[in-house]
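# Notes for the structure review
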Amino acid sequence: MSPLRVDTARKLNEASGILALAVLLDSAVEHYRGSFKNPAMVLPLVVSALTVGINLHGRSDARSTAHGFRRGVGIAATLTGTAGTGFHIYNVLKRPGRLDWQNLFYGAPLGAPAAIILAGILAMSAEGVRTRSPSLDSERIGSSAAGRLLAVVSGLGLIGTAAEAALMHFRGAFHNPAMVAPVTLPPVAGALLLHTAATKQPAHSRLTRWFLRATGVLGFLGTAFHAWGVHRNMGGWRNWRQNVLNGPPLPAPPSFTGLALAGLAALALLGGRRDG
C-alpha cells in the first residue's frame, strides 16, 4: 500500500466530512424551520452526523485496510440523499404551479440532498482507495481509475452546487457583485476536472489545482458573506433566532470547499503525487 493512497483516502475523509457537516447544519436549520412536519426530516440529521463521525475516524486512521462500518455509513448516506431528493421533488411538484420559479425559489431545495449523496460517495471512495493492491502495476492502474472516477464525481458536484447557488442568488437579484463568484469559479474548476477525467493524462493540472484551491477558499469566504447577510436583516445578529432562519444559509458555502478537496485528491491519484 503506497503512502499516497492512504494520504489520499484521508483527504477524501476530510472532503466527505466537510460536506456532511454542511448538510447536518443546513438541514437542521431548514427542517427546524419546517417544524419537522414529516418525521423523515430527522433522518438526514442522524445520517449526516454519523457521516461526520466516521470521517473524523477515517481522517485519524493511518491503516491501509478498508473499514466496514465506515463504508456502511457511506452507503446509508447515499441512499438517504437519494430518498431526500425524491421527497424534495415531491414537495415542489405538489404545490400550485408545480415546477415554476416561485416553487423553485421557495419550495424544498432540489439540489440540497445531493450534498449528502456526494458525502456518502466520497466516504465510500475513501475506503476503496485504502484497499491494498497486490502489485505495483495494479496500484498504478487502480489509482488512475479511482482518480478519474473521483474527478467526474467532484466535477459534476461542483457544477451542480454552483447551479443551486445560481438559483438562490438569482432569487436575491445578485444584489452584491460577490454573488457572481460562486456561480463562475466552481463551474470552471468542475469543467477542468471533467476534462482531466476524459483524458489519459492530466492536462493543465497546475491551472486545475489553482481553480480548485481558489474554490476551496471561496467556500469559507461564502460563509462570511452569508453571515454579513444575516447581519443586514432587521435586528441583525441580536435577532439571530429569526434571521438565521430567514437569512442566507450559513452552512451552505463550505460544500464548495469539500468538493474542491475531493478534486485535489482526484488529481493526486491521477498524477501519482501528494497534493493538498
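Scroll up for the structure.
Described in the following lines is the structure provided in the data block. Quick caveat, the model's predicted, so the values are computed rather than measured.

Attention now moves to the packing of aromatic side chains. In total, this model carries 5 aromatic pairs according to the counting rule given. Taking 6.3 Å as the distance between ring centres and 80° as the angle between the ring planes, the aromatic pair formed by Phe-105 and Tyr-106 counts as edge-to-face. Overall, Phe-105 belongs to the buried group, its relative accessible area being 13%. Both rings, one in Phe-105 and one in Phe-170, keep their centres 5.9 Å apart while their planes meet at 45°; by these two values the pair is tilted. Residue Phe-105 is found in helix H4 (residues 101-106), and its partner Phe-170 is found in helix H6 (residues 136-171); the two are separated by 65 residues along the sequence. According to the relative accessible area criterion, Phe-170 is partly exposed, its value standing at 48%. Aromatic rings pair up to connect Trp-101, Phe-105, Tyr-106 and Phe-170 into one cluster.

For the rest of this paragraph, the subject is the pattern of salt bridges. Under the criterion given, the structure shown has 5 salt bridges. With its nearest N and O atoms 2.4 Å apart, the salt bridge here joins Arg-59 to Glu-14. One end of the pair, Arg-59, is in helix H2 (residues 43-59); the other, Glu-14, is in helix H1 (residues 3-33), with 45 residues separating them in the sequence. By relative accessible area, which is 25% here, Glu-14 ends up partly exposed. Residues Arg-33 and Glu-30 are paired through a salt bridge, measuring 2.4 Å at the closest nitrogen-oxygen approach. One end of the pair, Arg-33, and the other, Glu-30, are both in helix H1, 3 residues apart, so they sit about a helical turn from each other. Connected through shared salt-bridge partners, Asp-61, Arg-63, Arg-70 and Glu-127 make up one network.

Parameters and conventions
- Residues numbered from 1 in each chain as written.
- Predicted model: local features only at pLDDT ≥ 70, side-chain atom pairs only at ≥ 80, totals over all residues.
- Heavy atoms only, no water.
- Phe/Tyr/Trp six-rings, centres within 6.5 Å; stacked < 30°, edge-to-face > 60°.
- Buried < 20%, exposed > 50% of the residue type's maximum accessible area, 1.4 Å probe, protein only.
- Helix = DSSP H or I, 4+ residues; strand = E, 2+ residues; numbered from the N terminus.
- Salt bridge = Lys/Arg side-chain N within 4 Å of Asp/Glu carboxyl O.

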